[in-house]
Every structure is written in C-alpha cells, then in structure tokens.
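# Remarks on the overall topology
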Amino acid sequence: MKKINSKLVFITGGSSGIGLAAAEQFLKQGARVCLIARDSSRLEKAAGELKLSGAAENRIAVCSLDVSDNPKTLATLSELMKTLGVPDIMLTCAGIARPDYFENTDYGNFRRTISTNLEGVWNVLSAVVPEMKKRGGHIITTSSVAGFVGTFGYTAYSASKFGIIGLSETLRSELKPHNILVSVLCPPDTDTPGFAEENKTKPPETIAVSGNVKLMKPEDVAKTLIKGIKRNKFLIIPGFMGKLTFILKSIFPKLVFAIMDGDVRKTHQREN
Ligand SMILES: NC(=O)c1ccc[n+]([C@@H]2O[C@H](COP(=O)([O-])OP(=O)(O)OC[C@H]3O[C@@H](n4cnc5c(N)ncnc54)[C@H](OP(=O)(O)O)[C@@H]3O)[C@@H](O)[C@H]2O)c1
C-alpha cells in the first residue's frame, strides 16, 4: 500500500507500546485510526495523548474489546465496521508475554498467551477478512524475533509467535488474489509497558540471550512498520540485529543455537 493518507486503520493493542506508537505514525501520515484494547480508561488516555500530540480529534476512535473472546470479537468488529467502515489496514498488535522456565509456565499462563496472541489474531481476522475481500486492503500481524528463533524462557510466547508467522504466510498466499496484502511485523525487544511487565518474570538466561539484540524505541519500530507497509514487504523486521538474526537463523541455524547456548552456559557459570 503506497499511500496511507485518509486510510482507515484498526489497531488491536492500540492503547499502549508499539500499537500506540503505530497509531501516532499512521495519524502523521493522515490516516484515521481506531484503537482496540480491553481497558476503556487506558484507551481514552491513549486517545487523549494522540490528540495532544496534534492529531485531529475526528480521526481517532476507540473500541473496548477482549480479542481472545471469539463471539464477542466477531460481534463487536461487525458493529464497528458498520459504524466506521471496513478498515483499509488491519494491524493486530495486542499481545502478552509472561516468560519463565517451562516447568514454571503453568497451563493458565500458556492458555492466556495462546488465546491472546494467536487466537486473538484468528478472531480479529475472522471478522475482518470477509469484509476486506470485497474491496482489498492490508493486514499486518505482529510476531516477534522470538517468532523465528525459539528463545530460552519463551516456550508459550514463541509457540504463539511462530504460529502467527505460519498463519500470516498462509493467509498471504490465500488473500493475494483478493487484493489483500499480508505482512508480519517482527520487533526485537522494545521499550514498552509490556516489556517492563515481562521483565518481572524473565529468567536470567533469557536476559543474557536477548541481550544480543539492542532494545528499540516503539517510535522507531512504528516508523519501520510504515516503511514496510509502503514497500509492501511481507516480513517487517525493525533494527539491524533483528534482520541479521533472521538471516543467520535461515542460513546457519546451528550458529544461532551455538551463540544462544554459549550465553546460557555463561549465565550458569556466573551463578555457580
Ligand atoms: N515490547 C517488545 O519487546 C516486543 C517485542 C516483540 C514483539 N512484541 C509484540 O508487540 C505487540 C505489542 O507489544 P507491547 O510491548 O507494545 O505491549 P504493551 O505495551 O503491553 O501493549 C499491549 C496492548 O495489547 C492490549 N491487549 C492485551 N491483551 C489484549 C486482549 N486480550 N484483547 C485486546 N487487547 C489486548 C493492551 O491493552 P489492554 O491490556 O487494555 O487490553 C495494550 O493495548 C505484542 O503482540 C507483543 O508480543 C513486543
């Protein structure tokens, strides 16, 4: 999609972090945005911040929704599309990460991670794709560097984010004849409220392994996202280290495993 001005963009996870930064960049391009997340007060606060930053009030809408709830997502988005119109761009960014050792990751944590990160995308796209098929559009899902490299401590999260890449790659092929482009955003560690939350349970080995990739600012991730959309890229990987990791993992997976195993070993040696 070459031009973003005057397009309608729905953003799940739009009240915080990368989703909110993306909303700001879309507004700067002249788009209209609808922020979708669960907590209404956080949504209103985010919309207020965007208005303060100079975005026109009539280009921002909000919608409270838990995307992990299938029937509610179908019903709410169907109503939303009747009111605002069918989105030209659908960015699914809602997600959670609660890293821990596998044996400490209880079934509830696993279920919440899969139902928010993976089923949430499924639910949203189930509502939007049939409408988008009538006129075309662009879908961007959000995976992660941990969606193409299985990373220590992220069993539940990586399972959900690998799943998003599989879902998106398949949809890319199915939806191309319908004039719908599909992209996947794969951010590295990014300085957001969500990242601060996941740091609370992160094992030291995870910190050591992910320390190889520089912490990015959400604004920079969002700027790369906009560039990727304009260039119709399938994989949008912000930052040099994220891109390098992708290339190395594709060509020399054993090298990536060896680097990560070395980081884990060093952490254990330091601790013993
Ligand atoms: N930050 C990173 O280091 C990083 C790296 C790679 C990938 N990512 C991915 O990027 C995305 C955004 O991450 P972030 O760090 O910006 O997170 P964040 O600051 O925690 O924001 C998450 C957003 O998702 C919403 N959300 C969470 N669960 C939801 C649900 N069930 N239904 C609807 N909305 C929900 C939250 O609002 P409510 O809680 O009010 O619903 C919030 O708006 C996620 O998919 C994450 O996995 C992040």
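Refer to the structure printed above.
Here is what the cut-offs are and how they apply
Residues numbered from 1 in each chain as written. Predicted model: local features only at pLDDT ≥ 70, side-chain atom pairs only at ≥ 80, totals over all residues. Helix = DSSP H or I, 4+ residues; strand = E, 2+ residues; numbered from the N terminus. Rg over C-alpha atoms; globule rule 2.2 N^0.38 Å. Buried ≥ 20, exposed ≤ 12 C-beta atoms within 10 Å, placed from the backbone. Contact = placed C-beta atoms within 7 Å. Expected span 1.5 Å × (residues − 1). Near = placed C-beta within 6 Å. Nonpolar A, V, L, I, M, F, W, Y, C, P; charged D, E, K, R; others polar. Pairing = 2+ DSSP bridges. Axes fitted to C-alpha atoms, helices over the stretch in contact; angles between N-to-C directions. Right-handed = clockwise from strand over helix to strand, strands pointing away.

Assigned secondary structure in the chain consists of 10 helices and seven strands. Here the C-alpha radius of gyration of the chain, 18 Å, is about what a compact globule of 272 residues would show, namely 19 Å. Once the C-alpha set of the chain is aligned to its principal axes, its extents read approximately 60 × 40 × 35 Å. Of all 272 residues assigned to the chain, the portion counted as buried reaches 43%. Expressed as a percentage of contacts within the chain between residues at least 6 apart in sequence, the contacts between residues at least 24 apart total 76%.

Turning next to helix α1 (residues 17-28). Because each turn of an α-helix spans 3.6 residues, side chains separated by three or four positions in sequence point in the same direction. Here α1 spans 17 Å end to end across 12 residues, near enough to the 16 Å set by a 1.5 Å rise per residue. For α1, a buried count of 10 out of 12 residues is recorded, marking the element as mostly surrounded by other parts of the structure. In the core, the buried residues of α1 are packed alongside β1 (8-12), β2 (32-37), α2 (40-52), β4 (89-92), α6 (193-198) and α8 (218-230). A positive phi of about 95° marks G30, the residue just after α1.

Moving on, we come to unusual backbone geometry. Phi is mostly negative for residues that are not glycine, and the peptide bonds are mostly trans. Of note, the phi angle at N179 is positive, near 65°, even though the residue is not glycine. Summarising the element assignment, N179 is placed in the loop between α5 (155-175) and β6 (180-185). Its 13 C-beta neighbours within 10 Å are what place N179 among the partly exposed residues.

The next point concerns the environment of A127. By the secondary structure assignment, A127 is in helix α4 (residues 107-132). In sequence terms A127 and T73 are 54 residues apart; their C-alpha atoms lie 7.4 Å from each other. Aside from chain neighbours lying at most four places away, what touches A127 is T73, L74, L77 and S78.

A separate point is the site of the ligand. Taken together, the neighbourhood of the ligand is formed by 31 residues, with G13, G17, R38, G95 and G194 sitting nearest. Of all the secondary structure elements, the ones that give two or more residues to the shell around the ligand are α1, α4 and α6. Classifying every residue of the shell around the ligand gives 11 nonpolar, 15 polar and five charged.

Attention now moves to the sheet that holds strand β3 (residues 60-64). If you walk across this open sheet you meet the seven strands as β3-β2-β1-β4-β5-β6-β7, and the pairing is parallel. Here the strands that pair on one side only, and so sit at the sheet edges, are β3 and β7 (235-236). Bridge analysis of β1 against β2 gives five bridges, and the strand direction is parallel. Within the sheet, the bridge partner assigned to V9 lies in β2 and is V33. Along the sheet, α5 makes contact with β5 (137-142) and β6, crossing β6 at roughly 160°.

What follows deals with the pairing of β4. Neither face of β4 is left uncovered, since the one carrying I89 and L91 and the one carrying M90 and T92 both have all their residues buried. Pairing of β1 with β4, which is carried by four bridges, proceeds in the parallel orientation. What sits directly across from V9, in β4, is I89. Of the pairings in the sheet, the one linking β4 to β5 comprises four bridges and is parallel in character. Bridge assignment links I89 to a residue of β5, and that residue is H138. Following the backbone out of β4, through α4 and into the adjacent parallel β5, one traces a crossover that is right-handed.

Distances and angles like these do not, on their own, reveal function.
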